[in-house]
Amino acid sequence: MDLEIRMYDKEMSYKILNLDKKKISPVVLVKEEGPVVRQYHKIGIRVYHFPRLPTFKAVDRHNVWMILRVILDIDKYIMSLLFIKRIIKSHNINLIHVNLESIFLLAFFCKLLF
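Residues numbered from 1 in each chain as written. Predicted model: local features only at pLDDT ≥ 70, side-chain atom pairs only at ≥ 80, totals over all residues. Heavy atoms only, no water.

**Student:** Could you give me a rundown of the nonpolar core, with the residues and numbers involved?
**Tutor:** Among the nonpolar cores identified, the biggest contains 13 residues, and Tyr77, Ile84, Leu105 and Leu106 are the most heavily contacted of them. Put simply, the parts of the chain that give this core at least two residues each are helix H3 (65–72), helix H4 (74–91) and helix H5 (104–113). The next biggest cluster of nonpolar side chains, apart from the first, holds 8 residues, and it includes Ile16, Val28, Val30 and Val36. (Core = buried A, V, L, I, M, F, W, Y, C linked by side-chain atoms within 4.5 Å. Buried < 20%, exposed > 50% of the residue type's maximum accessible area, 1.4 Å probe, protein only. Helix = DSSP H or I, 4+ residues; strand = E, 2+ residues; numbered from the N terminus.)

Below, the structure is given as structure tokens:
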């Protein structure tokens, strides 16, 4: 594995690589392409790249300004939700694992809407 891969990338990569591919067909959505994405491609895992995926720093979660930021980024949330909905429908996805706290809001909206 590449040395520049961050710790959470390594952990998620390990989980995905060790799934029983006969029972589960993983689909990965990333904001940024990097070494992990190349690794996923090598073993045949579907990866979708969506650079407009809204995220926030986990330390911001108790900040009242975060609400304003979500409102200002509402277009990113809407576009991301539509993109994710297409992925869910086209791959018949019934389980979503969120690896980062910084996309919790997006995952929450996905749960409510889909």
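Having put the structure on the table, let's press on.
**Student:** Before we move on, could you go through the packing of H3 against H4 and cite the residues and values that matter?
**Tutor:** At a minimum axis separation of 4 Å, H3 and H4 run at an interaxial angle of 60°. As the angle between them shows, H3 and H4 are arranged oblique. Facing H3, whose interface residues are Val70, Ile71 and Leu72, H4 presents Ile74, Asp75 and Tyr77. (Axes fitted to C-alpha atoms, helices over the stretch in contact; angles between N-to-C directions. Parallel < 35°, antiparallel > 145°, perpendicular 65-115°, else oblique. Contact = heavy atoms within 4.5 Å.)

**Student:** Quick one: what's the story with the side chain of serine 80, residue by residue and with numbers?
**Tutor:** Looking at where serine 80 falls in the secondary structure, it is placed in helix H4. One polar contact links the side chain of serine 80 to the main-chain carbonyl oxygen of lysine 76, over a distance of 2.8 Å. Leave out the neighbours within four places in its chain, and serine 80 touches Phe50, Arg52, Leu53, Pro54 and Leu106. (Polar contact = N/O pair within 3.5 Å; in protein donor to acceptor, adjacent residues only side chain to side chain.)

**Student:** Explain the pairing of strand S2 (residues 46–49) to me, and be specific about the residues and the numbers.
**Tutor:** Bridge analysis of strand S1 (residues 27–30) against S2 gives 4 bridges, and the strand direction is parallel. Residue pairing in the sheet places valine 27 in a bridge with arginine 46 of S2. Once the chain exits S1 it traverses helix H2 (residues 35–42) before rejoining the sheet at S2, and the crossover so formed is right-handed. (Pairing = 2+ DSSP bridges. Right-handed = clockwise from strand over helix to strand, strands pointing away.)

**Student:** With reference to specific residues and values, describe the packing of aromatic side chains.
**Tutor:** All chains considered together, the criterion is met by 4 aromatic pairs. Residues phenylalanine 108 and phenylalanine 109 carry aromatic rings whose centres are separated by 6.0 Å and whose planes lie at 55° to one another, so their mutual orientation is tilted. Using a relative accessible area of 39% as the deciding quantity, one classes phenylalanine 108 as partly exposed. Judged by its relative accessible area of 27%, phenylalanine 109 falls in the partly exposed class. Three or more aromatic residues joined by ring pairs form one cluster here, namely Tyr48, Phe50 and Phe83. (Phe/Tyr/Trp six-rings, centres within 6.5 Å; stacked < 30°, edge-to-face > 60°.)

Function-wise, these values are silent; they only describe arrangement.
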